[in-house]
Amino acid sequence: MENKEVRIKLEHISKKFKIGTKKKESFLGKILNLTLGVESKKEFFVLNDVSFEVKAGEIIGIIGKNGAGKSTLLRVIAGIYTSDSGILKTNGRVVYLSGFGSGLKTKLTMAENIFLIGSLMGLSQKDLRNKFDEIVEFSGLKEYVNTKVYQFSDGMVSRLNFSIGIHCLLHKNPEILLIDEVFGGGGDIDFQKKAIAKMEELIKCGASVIIVSHSLDTIKKYCDKALLLEKGKIVLEDVPERVVGSYLIR
Amino acid sequence: MIKGSYNKLKGILGLSLSLAKAQFKLRNEGSYLGIFWYLLDPLFMFLILLFLRNVLTNKSVEYYPAYLFLGLIMFNLFRHGTISSTKVISSNSGFIKTMNVNKESFVISGLLQAIFSHLFEIIILISLMIYLNISLFGLLFYPFIFGLLVIFILGFSFILSTLGVYINDLANVWSVFVNLLWFSTPIYYVATKGNIHFLNKINPLFYFIDSARDSLIYGTFSSFDNWIIMITISLVFLLIGLIIFYKNKNKFAELA
């Protein structure tokens, strides 16, 4: 591990969220704010002086209670949020994955959805046409390609979501993969198995991976190292077994 | 460096187009009249204003139907483009919070839809011009005026989409402003002096509509001053819009 390049490096990253006591987001409210002075806002640290690094091919797990700052940390690394202080260096294509299927339009057909979600995930129309058959095949919904998604059962929807998401990710071949609370794809047992095999393929293809999960078994099974996050701080960094053990007695 | 920004621009435009396509399909979903809805709204407005012609304006205008319709559809482009931009970031917050997408695409896709309906309206305009025996030669100049108008609206949309993140009810406020703007633009009337004329002069849309009428309907090349004003307005607005948008876009994920 020593000579491998560092893909993600965080040095003293901090992030504050401001929470207003009263919501004043209307047009009139803003004007009142200007004339009466801005109301005081409560600030708190979501991330407080976080430093660690991830090398190529390494899989890191992050555990912690709700609100510990796990998702915020991933979003900062992904560039969706910006940190208030500290230095973040990432080297390679970053993909942030939080659940499959945030954007299916139920009034569009399955084929139209594949093109829509695929282009949101950054694939060109040409790439999508090449991938189309594979996505349909994997989802096992071949006969419903031209059916509108609102007529799908929940299981079918999650299979479609997973299939689009995973194939687009594999196509982008990310060097840095940030997985937020997703492992597997819903659906029945058979699909679940297929989905987990696909996920394993994804995380083992040499990318640096950070997994945030409440499933401690997942962390233990796949990760080389784990971090325990509490109130925005890293309180423990060790092999997964020990971190999980420590988390359970807290 | 140049190749990088070229690819980025290509990515942004490609995504904008896909989004606009999906929106277009969603809008016409399960509707028998389909794309005719795009035309019905301006057509009815046109017919009503034409019917009220003698009440609304006492001047006789040559080729009044074309004069009215061109003003109407250019204003509509502005109206639809800007109104859709006020809510575009918050209505796509699901994507913005979870994916590192180019946020410009959401703004551009709204404008693309407005442009799409505008193209249909242009077809009606052409039939109207043929009916009124107006030479179609002036149409050659329209792409330039249209291009500048689109740049102007795009700049405006960037400003509004950023403000919309901070101000929840901007859409309501903006539609009131658009109505004010509607009456201060010479769409169904002509003003050559007085307060109204002054109001027209400080309204950016006036210059675009005026130039388009000059070249399309009356076959005269619009004055040099008009062109300078149009170019300046559109570039200045685009610049301001881009600056405001880029200064704030990193905060969208937290606020939307």
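Residues numbered from 1 in each chain as written. Chains lettered and ligands numbered in written order. Predicted model: local features only at pLDDT ≥ 70, side-chain atom pairs only at ≥ 80, totals over all residues.

Participant: Could you clarify how one ought to interpret the overall build of chain A in this entry?
Facilitator: A tally of helices and strands in chain A yields eight helices and nine strands. Referenced to the eigenvectors of the C-alpha coordinate spread, the extents of chain A come out at roughly 60 × 55 × 35 Å. Counting the 250 residues in chain A, one finds 38% classified as buried. Looking at chain A alone, contacts between residues at least 24 apart form 73% of all its contacts between residues at least 6 apart. (Helix = DSSP H or I, 4+ residues; strand = E, 2+ residues; numbered from the N terminus. Buried ≥ 20, exposed ≤ 12 C-beta atoms within 10 Å, placed from the backbone. Contact = placed C-beta atoms within 7 Å.)

Participant: I'm lost on the overall build of chain B in this one. Help?
Facilitator: The helix and strand tally for chain B stands at 13 helices and zero strands. Across chain B, helices and strands are ordered from the amino to the carboxyl terminus as α-α-α-α-α-α-α-α-α-α-α-α-α. The C-alpha radius of gyration of chain B comes to 19 Å, within 12% of the 18 Å expected for a compact globule of 256 residues. Expressed along its principal axes, the backbone C-alpha trace of chain B runs to roughly 55 × 45 × 40 Å. Expressed as a percentage of the 256 residues in chain B, the buried residues total 38%. (Rg over C-alpha atoms; globule rule 2.2 N^0.38 Å.)

Participant: I would appreciate a short explanation of the pairing of strand β9 (residues 233-238) of chain A in the present structure.
Facilitator: Looking down a regular strand, the side chains alternate between one sheet face and the other. Residue and element names in this part refer to chain A. Strand direction decides the pairing type here: strand β8 (residues 225-230) and β9, joined by five bridges, are antiparallel. Bridge assignment links Leu228 to a residue of β9, and that residue is Leu236. The hairpin formed by β8 and β9 contains two residues between the paired strands, and Lys231 there has a positive phi angle of roughly 50°. (Pairing = 2+ DSSP bridges.)

Participant: Please clarify how the sheet that holds strand β7 (residues 208-212) of chain A should be interpreted in this entry.
Facilitator: To summarise the sheet geometry, strands pair through backbone hydrogen bonds and adopt either a parallel or an antiparallel arrangement. All names here are of chain A. An order of β5-β6-β7-β3-β8-β9 is seen for the six strands of this open sheet, with the pairing classed as mixed. Of all the strands in the sheet, the pair left with one neighbour each is β5 (94-97) and β9. Strand after strand, the sheet turns through a mean of 15° between neighbouring axes, direction not considered. With respect to the sheet, helix α8 (residues 240-248) is in contact with β3 (59-63), β8 and β9, its orientation differing from that of β8 by roughly 25°. (Axes fitted to C-alpha atoms, helices over the stretch in contact; angles between N-to-C directions.)

Participant: Teacher, can you tell me more about the interface of chain B and chain A here?
Facilitator: Quoted interface sizes are often the accessible area lost when the parts come together. Taken together, the contact between chain B and chain A spans 23 residues of the former and 25 residues of the latter. Residue assignment for the side of chain B that touches chain A shows that the elements contributing at least two residues are α1 (2-27), α6 (93-98), α9 (170-183) and α13 (252-255) of chain B. The element that contributes the greatest number of residues to the side of chain B that touches chain A is α1 of chain B, accounting for six residues. Taken together, the residues that form the side of chain B that touches chain A break down as 11 nonpolar, seven polar and five charged. (Nonpolar A, V, L, I, M, F, W, Y, C, P; charged D, E, K, R; others polar.)

Participant: Looking at this structure, I do not really get the nonpolar core. What am I missing?
Facilitator: Buried together is how nonpolar side chains tend to be arranged in soluble globular proteins. If you look at the biggest cluster of nonpolar residues, it comprises 126 residues, and the most contacted ones within it are Leu178 and Ile210 of chain A together with Leu70 and Phe208 of chain B. Formed jointly, this core draws a minimum of three residues from each of two domains, domain 1 (6-93 + 210-248) and domain 2 (110-172) of chain A. In this structure Leu70 of chain B touches Leu125, Ala212, Arg213, Leu216 and Ile217 of chain B, once residues within four positions along its chain are discounted. (Core = buried A, V, L, I, M, F, W, Y, C linked by C-beta atoms within 7 Å. Domains from an automatic or database assignment.)

Participant: Got a minute to help me understand the environment of Glu62 of chain B in this structure?
Facilitator: All names here are of chain B. One can find Glu62 in the loop between α3 (53-56) and α4 (64-86). Note on Glu62: 10 C-beta atoms within 10 Å, which makes it exposed. When the C-alpha atoms of Glu62 and Tyr218 are compared, they prove to be 8.6 Å apart, with 156 residues separating the residues in sequence.

Participant: In this structure, what is going on with the domain arrangement of chain A? I would like to understand it.
Facilitator: Per the domain assignment, the segments making up chain A are domain 1 (6-93 + 210-248) and domain 2 (110-172). Here domain 1 of chain A and domain 2 of chain A have C-alpha centroids that lie 31 Å from each other.

Participant: Could you clarify how one ought to interpret the packing of α4 of chain B against helix α11 (residues 204-216) of chain B in this entry?
Facilitator: When two helices pack together, their arrangement is given by the angle between the helix axes and the distance between those axes. Residue and element names in this part refer to chain B. Following both chains from N to C, one finds α4 and α11 inclined at 140°, their axes separated by 10 Å at the closest point. Classified by the angle their axes make, α4 and α11 are oblique. Like other packed secondary-structure pairs, α4 and α11 cross with a definite hand, here right-handed. On the side of α4, the interface is formed by Tyr67, Leu70, Gly71, Met74, Phe75 and Phe78, while α11 contributes Leu205, Phe208, Ile209, Ala212, Arg213 and Leu216. Of the residues contributing to the contact of α4 with α11, the split by class is 10 nonpolar, one polar and one charged. (Parallel < 35°, antiparallel > 145°, perpendicular 65-115°, else oblique. Left-handed = near helix turned anticlockwise from the far one by under 90°.)

Participant: How do you make sense of the environment of Lys97 of chain B when you look at a structure like this?
Facilitator: With respect to the element layout, Lys97 of chain B can be found in helix α6. For the pair formed by Lys97 of chain B and Phe116 of chain B, sequence separation is 19 residues and the distance between their alpha carbons is 29 Å. Contact partners of Lys97 of chain B, with chain neighbours within four places excluded, come to Ile80 of chain A together with Ala253 of chain B.

Participant: It is not clear to me how the packing of α4 of chain B against helix α7 (residues 104-131) of chain B should be interpreted in this structure. Could you clarify?
Facilitator: Residue and element names in this part refer to chain B. The interhelical angle for the contact between α4 and α7, taken along N-to-C directions, is 170°, at an axis separation of 8 Å. Of the possible angle classes, the one that applies to α4 and α7 is roughly antiparallel. Residues Pro65, Ala66, Phe69, Leu70, Ile73, Leu77, His80, Gly81, Ser84 and Ser85 of α4 form the contact with α7, whose own contacting residues are Val107, Gly110, Leu111, Gln113, Ala114, Ile115, Ser117, His118, Glu121, Leu125, Leu128 and Met129. A per-class count over the contact of α4 with α7 returns 13 nonpolar, eight polar and one charged.

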